[in-house]
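For reference, the chains in residue letters:
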Amino acid sequence: MHEKRRKPLSLLALLSLLIAIMVTIVFIVLTMSHFQVQSEHITRHMKEDARRSLERLSNNIAPLMEAYAVDDYEKMVATEAKLQAFYAITLEDKRKGASPDGPTFTSGSILGAEGTYIDFDPQNEAQQGRLQNAYYSVEAPIISSQGKPIGKISVYMTGEAISQELQRVLIENISASLVLALTLIGILIYAVQHLFVRPLYKISNAFAQCDDDGIPLLPAPEFGYGEVATLSHTLNTMRDVTRKARDAVQFERDCLQNVIDGTNVGTWEWHVQTGKTVFNERWAEIIGYTLEELEPVSIDTWLKFTHPDDLERSGDALQRHFSGEEPYYECEARMRHRDGHWVWVLDRGKVFTWDADGKPQTMFGTHQDITERRQAEEQLVLSASVFQHAREGIFITDAKGLIIDVNQAFSRITGYSKSDSVGQNPRILKSGRQDEAFYQAMWQELIRKGYWSGEIWNRRKNGEIYPEFLTISAVSDAEGRHQNYVALFADISTLKAHEQKLEQIAHYDVLTGLPNRLLLADRLRQAIAHSNRHHHPLALLFLDLDGFKEVNDRLGHDIGDLLLIELSKQLKRTLREEDTLARLGGDEFVAILPDIADMKDCRPGIERILETSSKQLLIEGHPVQVSASIGVTFYAPNDESDADQLIRQADQAMYQAKLNGKNRYHIFDAKQDRSLRHRYEEIEQIRHGLAHNEFELHYQPQLNLRTGQIVGVEALIRWNHPTLGLLSPGRFLPAIETHELMVLLGDWTIEQALTQLSRWQAQGLSMVVSVNIAAVHLQHSTFVPHLQEALARYPELKPDQLELEILETSALDNMTQVSKIMRECQAIGVMFSLDDFGTGYSSLSYLKHLPVRTLKIDQTFVRDMLEDPDDLAILKGVLGLAEAFNLEVIAEGVESQAHGEKLLSLGCELAQGYGIARPMPADALPQWIRSSAHQYAG
């Protein structure tokens, strides 16, 4: 805690005390001096009084002594002693003694111990001793009238009498002096207060209110008398001068701060000998801190953050400045930023105070972030290095376009040295390949945009013309005026050669030299545009060679390639000059026939192509013959079809030609295309639905009509369509019946059925789930492996709990393959049923060769068996076949109790249909089993 500051004494009190002391001293000196004079005067006066009394008594006593009037003169002596306050008066009377020559008679009066006068006794030794100690004594002879001494009179005075008198005088003097001194003090104090202290008090009050710098806000009042007026005026002048000096200092300080703020520099103050250091906020900000975060700061703060490699250089620069070698300290150093990176700073300073030994005391300086400048310098060095060592040629011109500098690559590419080029116009490189309009457009763009780039042909010093890619950039001053132009160019001769090769590779078939698919698309777009402009239709032919695969397989690919080359040449010869023949790949070709008069106009050409394609050729001694299937589509002017659509249309027509017997052509049918397009859209919607979990399985119970027990369920797929609602399989499965998407949907169905079967088994329901399998799915190469993987994911299930239903038509194409797949599935425990039996060929060979466990009688026979004898006969025949082949039978389409009773009477116990239960969601089946299944028991 700070000590409480004592209130200073009042100036009036101090002056009053000083006046009192000085007046007191003066009056003491005067009083003592006056007392001294009075003391001497009193002593002299008393002695004078004693001599006069002695003389008077001597004259008055002589007659009495001559008359022997002892009592009278003794009384006179006593009276005189009292009146004059003498200590003692003694009188010697020689005439009254025993003889003239004998002892004299001595008498007198002396002041006793009680303060009264008593008679003097000459025999009293005490009185004699007191007389001997008297302060002053005087004696005189008593002369007779005859002039003869007759006696002696003595007067004695003590110091006590004189002291009493002096004391009285002293008291009087002191009292008078005190009164005078107090009066004078009061007058002086009043004068000082009114003439000096009060003006000073007013000045003090005026100066009591000060601003932040301690300068009085109010001026001192003016006074009418000289010295104080001069003081007031002087103080006001000093106040004004101080304020102006303060303002000037503040202005300079503000200017300095503005300079510091404007230059965005840190500042520092270093007390060299103590290490004490003062930084401003910017100093800390440069390295990512606040000043408060760096506290306490010292010279160690600088040492802590500065790169170790730069400290030695900084120390050397300081020593050179301390020794006088350099007028200033200056050093560039790296400091670690709070984020971890290094910041370059320029540290500058100067010693401003030195001690008596010439050693530095205080140093001030600035701290500037020069990271961007250093980076710019490094960039300049790098740019200079790039300029000289770049592989691209670079030249720089002034605003008038005259070359002022070139790099080494410029000389290497153009052949012109630096001395050849400097001062020249870049027109020395002009090849003549570009006209004046080209250069005018280039300069206009350069002036407008500030840059230009493009390919240009120039001429080397040796006259060789070469292509280059040139970029020109304008360098502008602060006002946007172009001061220089920098041109960078690369010799692209090799690139151009490569481009030509790449052009050939990119747009032409490597084997035949015909345009490839890319160039075909471009040519077709051009042909369409030409057709629209000139209102002439065009024809597009898609060729696929028949039998080419057999040639490759029989004679090898080399012969096949030679066949393609030779056939390409012959086909090209059959076409017109304006026609285009392209190879898409393999044995597929496309021909564009523009500018045909009408659709019939191209038929002769197509016939010639078919004839040429089917001619026998001799390849490497091997007679080879193929044919072509051609799809044809036409484009009418301003038709909406684009190039890709035309190729697809021709492709579809080509496949139709193959289906129609090959070695022929087929013209694209738009109606058929729309049908195919609709099917494609359906397929994509199904693909989207499968990806977004829009499908689900419903389950229809399969019941033993005699016992009422559920023997299994058939899994039936449903599509929760986002706009059409719940769709049955007949609404969407036909679209993908032969599509590979059917494989994905089938795998999904098996997986979902097994998952649900596992859940039911966990609930205590054990049954068989039947899943319908499409022919394309069954015969797919991944069917058996995927089935095995699916069963492996549910080890708690028995494989025979999964039954796969196939249609009779599934085995039509390849009975051997289908039988093989079914036996592989049977080997892992999965059983099969033959669905919709009786609606197809119902061949006995199916029952003989296909390893099925169950026959499912189609619902059309079951539904009408009560009214239609033919259906009933067919039903009996199927039941007989099943019994002969030892197969189970399930009747579909049971819609009433009468159907069930009839089936039981025919010996068919297993059935399913709407009369038993409709297909239901998986979570509804357990409740149905508990509540409804038993009521169907026969």
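The numbers attached to residues start from 1 for each chain and follow its sequence in the written order. Thresholds applied to this predicted model are a pLDDT of at least 70 for local features of residues and 80 or more for the giving and counting of side-chain atom pairs; totals over whole chains, interfaces and linings are not thresholded and use all residues. Only hydrogens and water are removed before side-chain values are computed, so all heavy atoms of the structure are retained for them.

### Here's the deal with the overall build of the protein chain
Here's step 1: Put simply, DSSP marks the helices as runs of H or I at least four residues long and the strands as runs of E at least two long, and each gets a number from the N terminus on. A count of helical and extended segments in the protein chain gives 29 helices and 32 strands.
Here's step 2: Only the C-alpha atoms count toward the radius of gyration. The rule for a globule is 2.2 Å times the residue count to the power 0.38. Relative to the 2.2 N^0.38 estimate, which gives 30 Å for 938 residues, the radius of gyration of the protein chain is 73 Å and therefore markedly larger than a compact globule would have.
Here's step 3: Counting only contacts in the protein chain whose residues sit at least 6 apart along the sequence, the fraction spanning at least 24 positions is 57%.
Here's step 4: Areas reported here follow the Shrake-Rupley algorithm with a probe of radius 1.4 Å; residue values treat only the protein chains shown as occluding. For the protein chain, the exposed surface amounts to about 52,500 Å²; the carbon and sulfur share of it is 53%.
Here's step 5: As used throughout, the charge tally considers Lys and Arg to be positive and Asp and Glu to be negative, leaving His and the chain termini uncounted. Note that the charge is assigned to NZ on lysines, CZ on arginines, CG on aspartates and CD on glutamates. Charge centroids of the protein chain, computed over 93 positive and 129 negative side chains, lie 4 Å from each other. A contact between two residues is defined here by any heavy atoms of the two lying within 4.5 Å.

### Overview of the sheet that holds strand 11 (residues 393–398)
Here's step 1: The strand order across the open sheet formed by five strands is 12-11-15-14-13, and the pairing between neighbours is antiparallel. Here the strands that pair on one side only, and so sit at the sheet edges, are strand 12 (403–406) and strand 13 (451–459). With direction set aside, neighbouring strand axes in the sheet form an average angle of 25 degrees.
Here's step 2: The criterion for strand pairing is that DSSP finds at least two bridges linking the strands in question. As defined by bridge partners, strand 11 adjoins strand 15 (residues 482–491) across six bridges and the pair is classed as antiparallel. When the sheet's bridge partners are listed, T397 is paired in strand 15 with Y485. Axis definition: a line fitted to C-alpha atoms, limited for helices to the stretch in contact. Angles are taken between N-to-C directions and run from 0 to 180 degrees.

### Details of the environment of I21
Here's step 1: Assignment of secondary structure puts I21 in helix 1 (residues 11–66).
Here's step 2: Spatially, the C-alpha atom of I21 lies 9.3 Å from that of I185, the residues being 164 residues apart in sequence.

### Brief notes about the packing of helix 15 (residues 517–534) against helix 19 (residues 643–659)
Here's step 1: The N-to-C vectors of helix 15 and helix 19 enclose an angle of 105 degrees; their axes lie 9 Å apart at closest approach. Here helix 15 is positioned roughly perpendicular relative to helix 19, judged by the angle of their axes. For the pair helix 15 and helix 19, contact is made by L520, L524, R525 and I528 and by A643, L646 and I647, respectively.
Here's step 2: Among the residues forming the contact of helix 15 with helix 19, the class breakdown is six nonpolar, no polar and one charged. Angle categories: roughly parallel below 35 degrees, roughly antiparallel above 145, roughly perpendicular from 65 to 115, and oblique for all the rest. For this classification, the nonpolar set comprises Ala, Val, Leu, Ile, Met, Phe, Trp, Tyr, Cys and Pro, the charged set comprises Asp, Glu, Lys and Arg, and every other residue, Gly included, is treated as polar.

### Some remarks on unusual backbone geometry
Glycine aside, negative phi is the norm for most residues, and most peptide bonds take the trans geometry.
Here's step 1: The residue after E295, namely P296, is reached through a cis peptide bond having omega -10 degrees.
Here's step 2: Along the chain, P296 falls in the loop between helix 7 (291–294) and helix 8 (299–305).
Here's step 3: Positive phi is not limited to glycine here, since N638 has a value of about 65 degrees.
Here's step 4: One non-glycine residue, N886, lies in the positive phi region at around 60 degrees.

### Describing helix 24 (residues 815–827)
Here's step 1: Here the expected span of a helix is defined as 1.5 Å times the quantity of residues minus one. Taking 1.5 Å of rise per residue, the 13 residues of helix 24 would be expected to cover 18 Å, and the 18 Å separating its terminal C-alpha atoms lies within 8% of that figure.
Here's step 2: Along helix 24, the residues that are buried comprise V818, S819, I821, M822 and C825. Down the axis of helix 24, the buried side of the element spans an arc of 165 degrees, and every buried residue falls inside it. Along helix 24, the residues that are exposed and aim more than 90 degrees away from the buried face are T816, K820 and A827.
Here's step 3: Directly after helix 24, the chain includes G829, whose backbone phi takes a positive value near 105 degrees. Burial classes: relative accessible area under 20% of the type maximum marks a residue as buried, over 50% as exposed, and values in between as partly exposed (1.4 Å probe, protein chains only). As used here, the arc belongs to the directions running from the helix axis to the C-beta atoms.

### A look at the pattern of salt bridges
Here's step 1: Put simply, a salt bridge is a Lys or Arg side-chain nitrogen that is within 4 Å of an Asp or Glu carboxyl oxygen. One pass over the full model with this rule turns up 39 salt bridges.
Here's step 2: Measuring nitrogen to oxygen at the nearest pair gives 2.6 Å for the salt bridge that ties E48 to R51. Of the two residues, E48 and R51 are both situated in helix 1; the distance of three residues between them amounts to about one turn of the helix.
Here's step 3: With its nearest N and O atoms 3.0 Å apart, the salt bridge here joins R583 to D509. With R583 in strand 17 (residues 580–585) and D509 in the loop between helix 14 (493–507) and helix 15, the pair connects residues that are 74 residues apart, well separated along the chain.
Here's step 4: Exposure remark for D509: the relative accessible area of 14% places this residue in the buried category.
Here's step 5: Each of E714, E805, K856 and E892 takes part in a single network of salt bridges with overlapping partners.

### Some details on a nonpolar patch on the surface
Here's step 1: A surface patch of nonpolar side chains, amounting to about 370 Å² of accessible area, comprises L17, I21, I25 and V29.
Here's step 2: Within the fold, V29 resides in helix 1. Surface patches are defined over residues having more than 30% relative accessible area and no salt bridge, joining like charges when they lie within 9 Å and nonpolar side chains (Val, Leu, Ile, Met, Phe, Trp, Tyr) when within 5 Å.

### Notes on the UniProt feature "domain: PAC" (unreviewed entry) in the protein chain
Here's step 1: According to UniProt, the "domain: PAC" (unreviewed entry) feature falls on residues 329–382 and 452–504.
Here's step 2: Counting secondary structure, residues 329–382 comes out at 22% helix and 57% strand; the distance between its end C-alpha atoms is 29 Å.
Here's step 3: In residues 452–504, helix accounts for 23% and strand for 57%; the two terminal C-alpha atoms are 30 Å from one another. UniProt positions are given in the numbering used here, feature names are shortened, and annotations may be inferred rather than shown by experiment.

### Observations regarding the side chain of S531
Here's step 1: Mapping S531 onto the fold places it in helix 15.
Here's step 2: Between N or O atoms, a polar contact is any pair within 3.5 Å; within protein, one atom must be a potential hydrogen donor and the other a potential acceptor, and residues adjacent in sequence are included only when both atoms are from side chains. A polar side-chain atom of S531 sits 2.4 Å from the main-chain carbonyl oxygen of H536.
Here's step 3: The residues contacting S531, other than those within four sequence positions of it, are H536, P537, L538, Y635 and P637.

### With respect to the pairing of strand 16 (residues 538–546)
Here's step 1: Burial of strand 16 is extensive: nine of the nine residues sit out of reach of the surface.
Here's step 2: Where strand 16 and strand 18 (residues 588–593) come together, six bridges link them in antiparallel fashion. Bridged to L540 within strand 18 is I592.

### Let's talk about the packing of aromatic side chains
Here's step 1: Pairs were defined over the aromatic rings of Phe, Tyr and Trp, the Trp ring being its six-membered one, requiring ring centres within 6.5 Å. Orientation was assigned from the angle between planes: stacked under 30 degrees, edge-to-face over 60, tilted for the rest. Summed over the entire model, instances satisfying the criterion amount to 15 aromatic pairs.
Here's step 2: Each ring, one from F279 and one from W283, has its centre 3.8 Å from the other, and the planes form 5 degrees; the classification is stacked.
Here's step 3: Taking relative accessible area as the criterion, F279 reaches 8% and is therefore assigned buried.
Here's step 4: Assessed through its relative accessible area of 1%, W283 is described here as buried.
Here's step 5: Aromatic pair F395 and F410: ring centres 5.7 Å apart, planes at 65 degrees, arrangement edge-to-face. With F395 in strand 11 and F410 in helix 11 (residues 408–414), the pair connects residues that are 15 residues apart, well separated along the chain.
Here's step 6: Residue classification places F395 among the buried positions, given a relative accessible area of 7%.

### Here's the deal with the pairing of strand 4 (residues 136–143)
Here's step 1: Alignment of strand 4 against strand 5 (residues 149–157), held across eight bridges, turns out to be antiparallel. Note on strand 5: the bridge partner recorded for V138 is V155.
Here's step 2: Taking the residues between adjacent antiparallel strands as the criterion, strand 4 and strand 5 are bridged by five residues, where G147 takes a positive phi near 90 degrees.

### Brief notes about the domain arrangement of the protein chain
Here's step 1: Segmenting the protein chain into domains produces domain 1 (14–170), domain 2 (209–258), domain 3 (264–375), domain 4 (390–498), domain 5 (514–668) and domain 6 (694–936).
Here's step 2: Domain ranges listed in this record stem from an automatic or a database domain assignment. Placing the centre of domain 2 and that of domain 6 at their C-alpha centroids yields a distance of 114 Å.

### Examining the nonpolar core
Here's step 1: Definition of nonpolar core: a set of buried residues of the types Ala, Val, Leu, Ile, Met, Phe, Trp, Tyr and Cys, connected through side-chain atoms within 4.5 Å. W760, F783 and L903 are the most contacted members of the largest nonpolar core, which totals 77 residues.
Here's step 2: Among the elements that take part in this core, helix 21 (residues 741–762) stands out by supplying nine residues, more than any other.
Here's step 3: With near-sequence residues (within four places) excluded, F783 lies in contact with I750, I773, H777, L778, L804, I821 and C825.

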